[in-house]
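# Tertiary structure, described
So the chains spell out like this:
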Amino acid sequence: MARDSQAALVALNRFGFGARGGASGDFINAATDPRGFVKAELSRPSGVLLEAPALQSTPQLGQAVFEYQAQVKQAREAAAKAGGPAEAQPQQVPADQKPDAKARRNLSLNMAAMDIAGQPPEMKAADNATKAAESMQPNAAAPPVAKPAPQPLNVIQKTFRAEALARLQRATLADCGFTERLVVFWSNHFCISAAKGELARMWAGSFEREAIRPHVLGRFADMLKAVEQHPAMLFFLDNQQSLGPDSRAGQNRKRGLNENLAREIMELHTLGVGGGYTQEDVTSLARIITGWTFAGRQGQLGVPGSFVFNSNAHQPGPQVLLGKTYEATGVAQGEAALADIARHPSTASFIATKFVRHFVADDPPLGLVARLRDVFVKTDGDLKAFATALVDADEAWKAPLTKMRSPYEFLVASGRLLARVPEDPGGYLNNLNLLGQPLWAPPGPNGFPDTNAAWTAPEGMKLRLDVAAQMGARLGNNIDPLDLLEFAASDAASVETRRTIERAESRQQALALLLMSPELQRR
């Protein structure tokens with residue numbers, strides 16, 4: 001059973017988000033057939049899609065944000081004409097009344113713990129009883145002045161939170177979570193940043209739903225095309241501002257190329273640094289994809305918020321890219337170029353290396369990288385075959401669990417083990433900000449880092465411990481940490497972890513130590 005338990009731990013942690021607490025039987029199922037348990041999700045392609053009534057398409061969301069921006073503009077103009085302030089100014093809080101950094105951090109941690117752990121009904125009842133008793137005391141202090149009602153969320157905030165909640169719930173409820181891990185990998189590979197502006201924040205979730213999820217078990221070339229033509233990516237990397245110097249729009253506006261998207265396609269999305277391209281190739285690709293944009297609020301080129309090809313902005317004539325000439329065929333010129341780049345040998349090597357680094361080790365086994373590269377080439381970028389080859393590889397099961405979970409993976413794994421399906425994303429979002437991985441908002445176009453060094457800094461680990469301690473304080477009385485350890489690792493749990501939990505001074509402390517154990521932190 002020990003060998004099966006260790007394989008089950010690899011199945012759940014390396015390929016998934018960890019075992020779920022409760023009566024799910026994840027560990028038993030994984031121990032019975034570890035590879036089959038992981039690969040089962042690959043046989044359900046529709047299970048990768050994320051659809052819900054509250055989740056709208058990118059054009060619908062674009063129309064909504066354009067209308068919202070117009071309303072805000074009208075309100076400001078009306079206020080200015082009336083002689084009032086254009087917008088409310090935030091009240092200044094005296095320095096001596098501001099919470100210090102530790103207090104702010106603890107407040108955020110409390111919010112996160114409440115969201116992940118939930119407040120038991122008996123605690124709510126006790127709180128209400130205490131407040132009622134205090135209000136009946138003859139010498140009780142006067143009740144505090146009622147605070148102003150919180151402002152309603154605008155459409156951008158509502159949309160972002162709805163998208164975040166749908167993603168979190170799917171990851172929490174998934175059997176193994178392998179396909180959700182694939183979504184996270186590819187979404188970070190082809191990343192945008194919600195911090196770019198209102199449109200980016202509005203489209204962050206729909207970008208992942210429309211450009212990533214449908215192709216996670218499909219073809220890389222199809223995902224590449226969907227990503228580079230999605231309005232969120234075009235906006236993030238400014239391609240709507242790129243004009244062919246010899247195009248009608250370029251000559252009229254005296255503006256030229258913006259090479260951001262072309263550069264990142266080659267450097268980060270496909271060939272990789274040292275992949276055989278030159279600056280001339282970047283410039284050529286930038287010319288090829290001029291005119292790739294999205295329709296604005298006026299809808300002159302198409303449905304607002306949809307991908308459109310603006311021939312007036314497209315650089316005319318044939319272009320030479322990576323030694324091949326692409327004739328002037330409009331939008332098809334760029335699509336043909338992307339299809340060829342997707343099949344380039346450097347793309348296969350770059351993707352295989354990054355994939356193995358994510359799932360297996362910071363220093364990816366070269367033999368495994370070569371095998372996945374060959375699968376990528378032979379199957380024309382079939383990503384289901386690519387993922388299956390990883391699961392079938394012995395190296396992926398024999399390598400020790402040394403990768404540190406990212407903050408997102410840590411929070412989802414904790415929620416799964418505690419059997420808490422989030423009903424509100426607020427605490428998770430706050431906690432991700434605190435731990436340095438704000439949802440859909442990486443620090444640059446290269447995404448969040450994927451090495452241990454990025455997530456093992458002392459301050460970051462201290463914050464994780466604070467989060468674990470808050471969850472332990474809220475749930476420890478109602479949960480047996482040793483029972484949870486059985487769900488999480490069974491016989492694969494180390495003697496040191498068992499002894500540490502057994503020697504804890506309280507159940508709350510024991511739960512916190514469990515959440516910080518290698519069995520929960522490593523994948």
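Overview of the structure. Because the structure is a prediction, the values reported are computed rather than measured.

What counts and what doesn't
Residues numbered from 1 in each chain as written. Predicted model: local features only at pLDDT ≥ 70, side-chain atom pairs only at ≥ 80, totals over all residues. Heavy atoms only, no water. Helix = DSSP H or I, 4+ residues; strand = E, 2+ residues; numbered from the N terminus. Buried < 20%, exposed > 50% of the residue type's maximum accessible area, 1.4 Å probe, protein only. Contact = heavy atoms within 4.5 Å. Areas by Shrake-Rupley, 256 points an atom, 1.4 Å probe, with all protein chains shown as cover. Core = buried A, V, L, I, M, F, W, Y, C linked by side-chain atoms within 4.5 Å. Axes fitted to C-alpha atoms, helices over the stretch in contact; angles between N-to-C directions. Parallel < 35°, antiparallel > 145°, perpendicular 65-115°, else oblique. Left-handed = near helix turned anticlockwise from the far one by under 90°. Nonpolar A, V, L, I, M, F, W, Y, C, P; charged D, E, K, R; others polar. Phe/Tyr/Trp six-rings, centres within 6.5 Å; stacked < 30°, edge-to-face > 60°. Lys NZ or Arg CZ within 6 Å of the ring centre and 35° of its normal. Salt bridge = Lys/Arg side-chain N within 4 Å of Asp/Glu carboxyl O.

## Describing the overall build of the chain
- A count of helices and strands for the chain gives 27 helices and four strands.
- The 523 residues of the chain split such that 49% are buried.
- For the chain, the proportion of contacts with a sequence separation of at least 24, taken over those separated by at least 6, is 75%.
- Counting every atom, the chain has about 24100 Å² of accessible surface; 53% of that belongs to carbon and sulfur.

## Some points on the nonpolar core
- Core analysis: the largest hydrophobic core is formed by 130 residues, its most contacted members being Phe15, Phe178, Trp186 and Leu285.
- Per-element accounting of this core gives the leading share, eight residues, to helix 9 (residues 198-212).
- Filtering out sequence-adjacent residues up to four positions away, Phe178 remains in contact with Phe15, Gly16, Val38, Glu41, Leu42, Phe359, Ala387 and Val391.

## Quick word on the packing of helix 10 (residues 220-228) against helix 13 (residues 260-269)
- As a packed pair, helix 10 and helix 13 sit with axes 12 Å apart at the nearest point and diverge in direction by 150 degrees. In terms of orientation, helix 10 and helix 13 fall into the roughly antiparallel class. Pair helix 10 / helix 13 crosses with right-handed handedness. Here Phe220, Leu224 and Glu228 of helix 10 come into contact with helix 13, specifically with Leu261, Ile265 and His269.
- Here the contact of helix 10 with helix 13 is built from residues that sort into four nonpolar, one polar and one charged.

## Quick look at the packing of aromatic side chains
- For the structure shown, the criterion picks out 20 aromatic pairs.
- Pairing Phe15 with Trp397 gives two aromatic rings, centres 5.2 Å apart and planes at 40 degrees, and the pair type is tilted. Pair noted here: Phe15 is in the loop between helix 1 (2-14) and helix 2 (26-32) and Trp397 is in helix 19 (residues 395-398), with a separation of 382 residues, a long-range link. As far as burial versus exposure is concerned, Phe15 and Trp397 are alike and both buried.
- Here Phe185 and Phe355 contribute two aromatic rings whose centre-to-centre distance is 5.2 Å and whose plane-to-plane angle is 85 degrees, an arrangement assigned as edge-to-face. Residue Phe185 is located in helix 8 (residues 178-189), and its partner Phe355 is located in helix 16 (residues 345-359); the two are separated by 170 residues in the primary sequence.
- You can call Phe355 buried: its relative accessible area is 1%.
- Directly above the ring of Tyr408 sits Arg167, whose terminal nitrogen or CZ lies 4.7 Å from the centroid.
- The ring of Phe235 has Lys196 lying over it, and the distance from NZ or CZ to the ring centre is 6.0 Å.

## So, the packing of helix 9 against helix 10
- At a minimum axis separation of 9 Å, helix 9 and helix 10 run at an interaxial angle of 145 degrees. At the point where helix 9 passes helix 10, the crossing takes the right-handed sense. Residues Phe207, Ala211 and Ile212 of helix 9 form the contact with helix 10, whose own contacting residues are Met223, Ala226 and Val227.
- Taken together, the residues of the contact of helix 9 with helix 10 sort by class into six nonpolar, no polar and no charged.

## Concerning the pattern of salt bridges
- This structure, assessed with the given rule, holds 27 salt bridges.
- Residues Glu335 and Lys225 are paired through a salt bridge, measuring 3.7 Å at the closest nitrogen-oxygen approach. Taken as a pair, Glu335 in helix 15 (residues 331-342) and Lys225 in helix 10 lie far apart in primary sequence, 110 residues in all.
- Taking the relative accessible area as the measure of exposure, Glu335 reaches 26% and is therefore partly exposed.

## Description of unusual backbone geometry
- Residue Trp440 is not a glycine yet carries a positive backbone phi of 55 degrees.
- Structurally, Trp440 can be placed in the loop between helix 21 (426-434) and helix 22 (452-455).
- You can call Trp440 buried: its relative accessible area is 9%.
- Phi is positive for Ser490, which is not a glycine, with a value near 50 degrees.

## Looking at the environment of Ala30
- Structurally, the position occupied by Ala30 is in helix 2.
- Linking Ala30 and Ala19, residues 11 residues apart in sequence, is a C-alpha distance of 9.3 Å.
- Beyond its immediate sequence surroundings of up to four residues, Ala30 is in contact with Ala8, Ala11, Leu12 and Phe37.

Any functional reading would require information that these geometric values do not contain.
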